[in-house]
Amino acid sequence: MPAYLILENGMIFAGESFGAVSEVTGEVVFATGMTGYIETLTDPSYYGQIILMTFPLIGNYGIIPCDFENEKISAAAYIVKHPCQTPSNFRSEGTLDTFLKNQGVAGLYGIDTRQLTKVIRENGAMNGKITCAFPTEKDLNEAKAYRVTNAVASVSRKQLEKIGNKGHRVALMDFGAKKGIADALVSRGCEIWSFPHDTDAKTVFAMKPSGIMLSNGPGDPAALENEKIIETIRHFFESKIPVFGICLGHQLMALAKGYKTAKLKFGHRGANQPVKDVLTGRVYITSQNHSYSVLSSAPSFININDGTCEGMDYGNSFSVQFHPEAKGGPLDTAFLFDRFLERMDTYAKR
């Protein structure tokens, strides 16, 4: 079935529909990963966004549920050059097309994804609408008017959940957490208590955690600047309990400390973002997915490509913009979870 993408600047891309057949509006962003499409699709940080994959062939190793970062897709839609209909993998349990249909997520393929990526790189991330009818002025206006709202509340868990049964007790604040974060801590012998995003500090402290993890998540961090979340994080800092923030968690920690954030032109997404440890000068390749950066003159890590802040150190607490659990991506910075355990060890001995 023919399908179209109209951008808020009026450009139209014609292709074919796959996945669920529906009209959908969202912010169009591109991801550069050659693999990891399953983890990308199920990452809650893509809430309200239309994901464009720059690698042309997607779906070649099928759909593997044990690799999911969340049970459902939070992204608005998915755009690829060629969706593979005959995956080859002994772990595969279905095709990309069927997975999108089952999740009710629209897909678009066959467009010039290279051209669309160039448009976003040159003009910045922009809104778009996917429709199976040739776009009209109404579709253009809907694309222009679209805004991602209520993002964190839409993807955060609703109930407290315990994961693991031994070791350091970690309170995981779920702002749209990827499963890989809890997995990385559990594999290191931690007991995880995963809280809804709006849980107050008193409730968290009642669990007597050795450390607090602030997860990734979607949306503009500044939209939460005056929310209870920021005040809760300030209480975390005051308690001296070690805090480790990843992605949105990193940005919210900075806001709680009085820093500001700003939107990047087209964000950092993919598994090949180089960051430098300011202290040692060592460069690591990282997995990232974010549209905003912290404005800081004293970062602990910086992005090699554009010099933006990729990490902050607050003494017994620290944060990074990238994903050390790297699902999918390189595990160069997995040592940061060990650093978190070391700081919890120090805290426990006080």
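Being a predicted model, the structure only gives us computed values, none of them experimental.

**Notes on the pattern of salt bridges**
Then step 1. Inspection of every chain in the model, using the stated rule, returns 16 salt bridges.
Then step 2. For the salt bridge of Lys 129 with Glu 142, the shortest nitrogen-to-oxygen distance reads 2.6 Å. One end of the pair, Lys 129, is in strand E9 (residues 126-131); the other, Glu 142, is in helix H4 (residues 137-145), and 13 residues separate them in sequence.
Then step 3. Of the residues examined, Glu 142 reaches a relative accessible area of 29% and is grouped as partly exposed.

**Regarding unusual backbone geometry**
Then step 1. Gly 328 follows Lys 327 through a cis peptide bond whose omega is -5°.
Then step 2. Within the secondary structure layout, Gly 328 lies in the loop between strand E19 (318-320) and helix H10 (335-348).
Then step 3. Here the phi dihedral of Asn 150 falls at roughly 55°; this positive angle occurs in a residue that is not glycine.
Then step 4. A relative accessible area of 56% places Asn 150 in the exposed class.

**Here's the deal with the packing of helix H6 (residues 179-186) against H10**
Then step 1. In the contact formed by H6 and H10, the axes pass within 10 Å of each other and the chain directions differ by 55°. What the angle tells us is that H6 and H10 run oblique. The crossing of H6 and H10 is right-handed. Packed against H6, whose contacting residues are Ile 181, Ala 184 and Leu 185, the element H10 presents Phe 337, Phe 340 and Leu 341 at the interface.
Then step 2. Looking at the contact of H6 with H10, its residues break down into six nonpolar, no polar and no charged.

**What to know about the packing of aromatic side chains**
For any pair of aromatic rings, the description consists of the separation of the ring centres together with the inter-plane angle of the planes.
Then step 1. As enumerated under the stated definition, the model contains 13 aromatic pairs in all.
Then step 2. Considering the side-chain rings of Phe 244 and Phe 318, the 4.4 Å spacing of their centres and the 25° angle between planes classify their relative orientation as stacked. In this pair, Phe 244 sits in strand E14 (residues 243-246) while Phe 318 sits in strand E19, placing the two residues 74 residues apart along the sequence. Just as Phe 244 is buried, Phe 318 falls in that class too.
Then step 3. Ring plane angle 65° and centroid distance 6.5 Å describe the contact between Tyr 284 and Phe 301, whose orientation is recorded as edge-to-face. Highlighted residues: Tyr 284 in strand E16 (residues 283-295) and Phe 301 in strand E17 (residues 301-303), separated in sequence by 17 residues.
Then step 4. Using a relative accessible area of 8% as the deciding quantity, one classes Tyr 284 as buried.
Then step 5. Joined through ring pairs, the aromatic side chains of Phe 244, Phe 318, Phe 337 and Phe 340 make up one cluster.
Then step 6. Just above the ring of Phe 237 sits the side chain of Lys 257; from NZ or CZ to the centre is 4.5 Å.

**Section: the side chain of Asp 97**
Then step 1. Inspection of the secondary structure puts Asp 97 in helix H2 (residues 96-103).
Then step 2. The exposure class assigned to Asp 97 is buried, which follows from its relative accessible area of 14%.
Then step 3. Among all residues touching Asp 97, those that are not within four sequence positions of it are Phe 18, Gly 19 and Gln 85.

**What about the pairing of E14?**
Two faces make up the sheet, and in a regular strand the side chains alternate between them.
Then step 1. On E14, burial covers both faces: Val 243 and Gly 245 on one face and Phe 244 and Ile 246 on the other are all buried.
Then step 2. Strand direction decides the pairing type here: strand E13 (residues 211-214) and E14, joined by three bridges, are parallel. Counterpart to Met 213 in the pairing with E14 is Phe 244.
Then step 3. Strand direction decides the pairing type here: E14 and E19, joined by three bridges, are parallel. What sits directly across from Phe 244, in E19, is Phe 318.

**A look at the pairing of strand E11 (residues 169-174)**
Then step 1. Most of E11 is tucked away: five of the six residues are buried.
Then step 2. Judged from the six bridges that link them, E11 and strand E12 (residues 191-196) form a sheet pairing that is parallel. Following the sheet pairing, Leu 172 is matched in E12 by Ser 194.
Then step 3. Handedness of the crossover joining E11 and E12 through H6 is recorded here as right-handed.
Then step 4. Note that E11 and E13 share four bridges and pair parallel. Its bridge partner lying in E13, Met 173 is registered against Leu 214.

Conventions adopted
- Residues numbered from 1 in each chain as written.
- Predicted model: local features only at pLDDT ≥ 70, side-chain atom pairs only at ≥ 80, totals over all residues.
- Heavy atoms only, no water.
- Salt bridge = Lys/Arg side-chain N within 4 Å of Asp/Glu carboxyl O.
- Helix = DSSP H or I, 4+ residues; strand = E, 2+ residues; numbered from the N terminus.
- Buried < 20%, exposed > 50% of the residue type's maximum accessible area, 1.4 Å probe, protein only.
- Axes fitted to C-alpha atoms, helices over the stretch in contact; angles between N-to-C directions.
- Parallel < 35°, antiparallel > 145°, perpendicular 65-115°, else oblique.
- Left-handed = near helix turned anticlockwise from the far one by under 90°.
- Contact = heavy atoms within 4.5 Å.
- Nonpolar A, V, L, I, M, F, W, Y, C, P; charged D, E, K, R; others polar.
- Phe/Tyr/Trp six-rings, centres within 6.5 Å; stacked < 30°, edge-to-face > 60°.
- Lys NZ or Arg CZ within 6 Å of the ring centre and 35° of its normal.
- Pairing = 2+ DSSP bridges.
- Right-handed = clockwise from strand over helix to strand, strands pointing away.

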